[in-house]
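Observations on chain architecture
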There are 2 protein chains.
Amino acid sequence: MSTTAERDRVPGQHPKPDRSPKQDRSRATRQRLLEAAVACLAEHGWAGSTVAVVAERAGVSRGAAQHHFPTREDLFTAAVEYVAEERSTALRALFPDGAADRRAVVFALVDLYTGPLFRAALHLWVAASDEEQLRPRVTELEARVGRETHRIAVDLLGADESRPGVRETVQGLLDMARGLGLANLLTDDTARRERVLAQWALLLEETLG
Amino acid sequence: MSTTAERDRVPGQHPKPDRSPKQDRSRATRQRLLEAAVACLAEHGWAGSTVAVVAERAGVSRGAAQHHFPTREDLFTAAVEYVAEERSTALRALFPDGAADRRAVVFALVDLYTGPLFRAALHLWVAASDEEQLRPRVTELEARVGRETHRIAVDLLGADESRPGVRETVQGLLDMARGLGLANLLTDDTARRERVLAQWALLLEETLG
């Protein structure tokens, strides 16, 4: 599957010295394509996002793009997964010691849903709900990314899922984060979002103990 | 504005006897168009939804459709608003005495976000995020529908918004409802959703007192 190479890669890590320059170039090309694909999807939606448009944006030939990603579905699902992994890693790095400040963790988790990645993923989900070819790929991707985000939330919040209701509390928080992302799609909802989150961070604190 | 007639109408009420048969026919045509527009948007998305497609689905001539709704934007924003109002009225009717059972109210509120209306509205929002012509119309519509849903939630939950944190608690619940709607887009998320809601209904109960 086209995302295996990305999964093996540790984001932010420099290329290993024993890798050939050709491999490095191929990797860099792939990464440029993935980043351009997410930006394109966030700005122009699924209808305006093709392999050709992304290749041009990334400054890569169409042939090279198709070598890395044979189909449009390959490119865009890999792109959303790649950027989601980058953001997850960055989020973990923000809180190396976990749940020191739960309120800060809640705000940082919700930040995952208010930027270009969420816009891109939303376009992909909505397109998948109408297109049979895209649907199974995106369903699988959504489940994978959702599980990983849940794991990060549990770790960073220091939530003890063996206690009744804790798992559902964390899930509900992530559902709320998704809804807050949607509320931010057409207008800047920051001020309202911060008031809502301040209140729910209190409720969460009481529940997680 | 094209929705004024709909606002004056009491859903479910039979036509007044002093209205002419011609007015009745025009009203019935308009209603068929609005319902067909929401169904079309939910099934085929914005790209597949045109006035012509909706007119055919509603069994109405294209000329008659354009008489009621001069532009595509008129038709689809009016349609989402009309169905949202119908559903709000039906929700109020379910709980004529308000907050007798808060848990049941929470479940019914979230139901607003899991059917064809939410799918249709989601398609419209996502399209509006890319299309300058649609964006201000949908932003305004979203704000109007959002305010009305908030009012209903406050009433049915018997929430006292003069108490600190209560307003934000209700807003957060509706954000969560939107996120749960999104989680239900590609797969049937009912079982997980019910567990999450059972837990959050408890948290809500503690906060609202």
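What you see is a predicted model, and the numbers here were worked out from it, not measured in a lab. (Residues numbered from 1 in each chain as written. Chains lettered and ligands numbered in written order. Predicted model: local features only at pLDDT ≥ 70, side-chain atom pairs only at ≥ 80, totals over all residues. Heavy atoms only, no water.)

**Considerations on the overall build of chain A**
In plain terms, the rule: Under the DSSP-based scheme used, a helix requires at least four consecutive residues in state H or I and a strand at least two consecutive residues in state E, with every element numbered from the N terminus. Two things to know: the radius of gyration comes from C-alpha atoms, and the globule rule equals 2.2 Å times the number of residues to the power 0.38. Exposure is judged per residue with a 1.4 Å probe applied to protein chains only, and the accessible area is read against the type maximum: over 50% gives exposed, under 20% gives buried, and values in between give partly exposed. Contacts between residues were defined by any pair of non-hydrogen atoms, one from each residue, lying within 4.5 Å. In this description, accessible areas are obtained by the Shrake-Rupley approach with a 1.4 Å probe, and a residue is regarded as covered only by the protein chains that are shown.
Across its full length, chain A holds ten helices and zero strands. Secondary structure elements of chain A occur, N-terminal to C-terminal, as α-α-α-α-α-α-α-α-α-α. Here chain A has a C-alpha radius of gyration of 18 Å; the compact-globule value for 209 residues is 17 Å, and the two agree. Principal axes of the C-alpha set define a box for chain A whose edges measure 55 × 40 × 30 Å. The buried share of chain A, taken over its 209 residues, is 52%. For chain A, restricting intrachain contacts to residue pairs at least 6 apart in sequence, the fraction spanning at least 24 positions comes to 68%. A total accessible area of about 9,600 Å² is found for chain A, and carbon and sulfur atoms account for 52% of it.

**Examining the pattern of salt bridges**
A side chain of one charge can pair with a side chain of the opposite charge if their charged atoms are brought near each other. Residue and element names in this part refer to chain A. Here is the rule: Between Lys or Arg on one side and Asp or Glu on the other, a salt bridge is scored when a side-chain nitrogen of the former is within 4 Å of a carboxyl oxygen of the latter.
Within the structure shown, the criterion is met by 24 salt bridges over all chains. Between Arg102 and Glu205 there is a salt bridge; the shortest N-O distance is 2.8 Å. Of this pair, Arg102 sits in helix α6 (residues 102–111) while Glu205 is found in helix α10 (residues 190–208), placing the two residues 103 residues apart along the sequence. For Glu205, a relative accessible area of 37% gives the class partly exposed.

**Thoughts on the packing of α6(A) against helix α9 (residues 166–183) of chain A**
Each pair of packed helices can be described by the angle between their axes along with the distance between the axes. Residue and element names in this part refer to chain A. What counts, and what does not: The axes used here are C-alpha line fits, helices contributing only the stretch in contact, and every angle between their N-to-C directions lies in the interval 0 to 180 degrees. Angle categories: roughly parallel below 35 degrees, roughly antiparallel above 145, roughly perpendicular from 65 to 115, and oblique for all the rest. The sense of a crossing depends on the near helix, which, turned anticlockwise from the far helix by less than a right angle, makes the crossing left-handed and, turned clockwise, makes it right-handed.
Running from amino to carboxyl end, α6 crosses α9 at an angle of 50°, the nearest separation of the two axes being 9 Å. As judged from the angle between their axes, α6 and α9 are oblique. Taken as a pair, α6 and α9 cross one another with a handedness that is right-handed. For the pair α6 and α9, contact is made by Val106, Leu109 and Val110 and by Leu173, Leu174, Ala177 and Leu180, respectively.

**Regarding the UniProt feature "DNA-binding region" (unreviewed entry) in chain A**
To keep things clear, this is the line we draw: UniProt positions are given in the numbering used here, feature names are shortened, and annotations may be inferred rather than shown by experiment.
Within this numbering scheme, the UniProt entry marks residues 50–69 of chain A as carrying the feature "DNA-binding region" (unreviewed entry). Structurally, residues 50–69 of chain A comprises 75% helix and 0% strand, and the distance from its first C-alpha atom to its last is 11 Å.

**Remarks on the relation of the copies chain B and chain A**
Both copies of the chain are related through a single rotation about an axis accompanied by a shift along the same axis. Formally: The least-squares superposition of copies is restricted to C-alpha atoms, and to residues with a pLDDT of at least 70 in both copies.
Least-squares fitting of chain B to chain A yields an RMSD of 0.0 Å, with the superposition described by an axial translation of 0.0 Å and a rotation of 180°. Look at the turn and shift together and you get a two-fold axis relating the two. Of all interface residues in chain B, 100% are interface residues in chain A too; the two copies therefore contact each other through one and the same surface.

**Digging into the environment of Thr169(B)**
By secondary structure assignment, the location of Thr169(B) is in helix α9 (residues 166–183). Thr169(B) sits 38 residues away from Thr207(B) along the chain, and the two C-alpha atoms are 7.9 Å apart.

**Digging into the environment of Leu182(B)**
Tracing the backbone shows Leu182(B) in helix α9. Owing to a relative accessible area of 1%, Leu182(B) belongs among the buried residues under this scheme. C-alpha separation for the pair Leu182(B) and Arg30(B), spaced 152 residues apart in sequence, amounts to 29 Å. Setting aside anything within four residues of it in sequence, one finds Leu182(B) in contact with Phe118(A), Leu122(A), Trp125(A), Glu142(A), Arg178(A), Leu182(A), Phe118(B) and Leu122(B).

**Brief notes about the packing of α6(A) against helix α8 (residues 135–157) of chain A**
Residue and element names in this part refer to chain A. Counted only if it meets this: In this classification, Asp, Glu, Lys and Arg are treated as charged, Ala, Val, Leu, Ile, Met, Phe, Trp, Tyr, Cys and Pro as nonpolar, and every other residue, Gly included, as polar.
In the contact formed by α6 and α8, the axes pass within 10 Å of each other and the chain directions differ by 160°. The orientation of α6 relative to α8 falls into the category roughly antiparallel. Every pair of crossing elements has a handedness; the one defined by α6 and α8 is right-handed. Contacts from Arg102, Val105, Val106 and Leu109 of α6 reach α8 at Ala153, Leu156 and Leu157. Class assignment of the residues belonging to the contact of α6 with α8 gives a composition of six nonpolar, no polar and one charged.

**Section: the interface of chain B and chain A**
Here is the rule we go by: A 1.4 Å probe defines the accessible area here, and the buried area is the portion of it lost by two parts on being joined, summed over both.
If you look at the interface, chain B gives 41 residues, while chain A gives 41 residues. When the two sides are added together, the surface that chain B and chain A hide from each other amounts to roughly 3,500 Å², 63% of it contributed by carbon and sulfur. Considering only the surface of chain B that becomes buried against chain A, Leu182(B), Leu186(B) and Trp200(B) emerge as the three largest contributors, covering 21% of it. Ionic pairing is found between Arg192(B) and Asp175(A), a salt bridge with its closest N-O pair at 2.8 Å. Put simply, the parts of the chain that give the side of chain B that touches chain A at least two residues each are α2 (21–44), α7 (116–130), α8 (135–157), α9 and α10 (190–208) of chain B. Ranked by residue count, the leading element in the side of chain B that touches chain A is α9(B), at twelve residues.

**Some thoughts on the packing of aromatic side chains**
Residues and elements named next belong to chain A. Our working definition: Here a pair means two rings of Phe, Tyr or Trp (six-membered ring of Trp) with centres within 6.5 Å. Their orientation is stacked below 30 degrees between planes, edge-to-face above 60, and tilted elsewhere. The criterion for a charge sitting over a ring is simple: Lys NZ or Arg CZ within 6 Å of the ring centre, and within 35 degrees of the ring normal.
One pass over the full model with this rule turns up seven aromatic pairs over all chains. Relative to Trp125, the ring of Phe118 has its centre 6.2 Å away and its plane inclined at 80°; by these criteria the two rings are edge-to-face. Just as Phe118 is buried, Trp125 falls in that class too. Taking NZ or CZ as reference, Arg72 lies 3.8 Å from the ring centre of Trp46, over its face.

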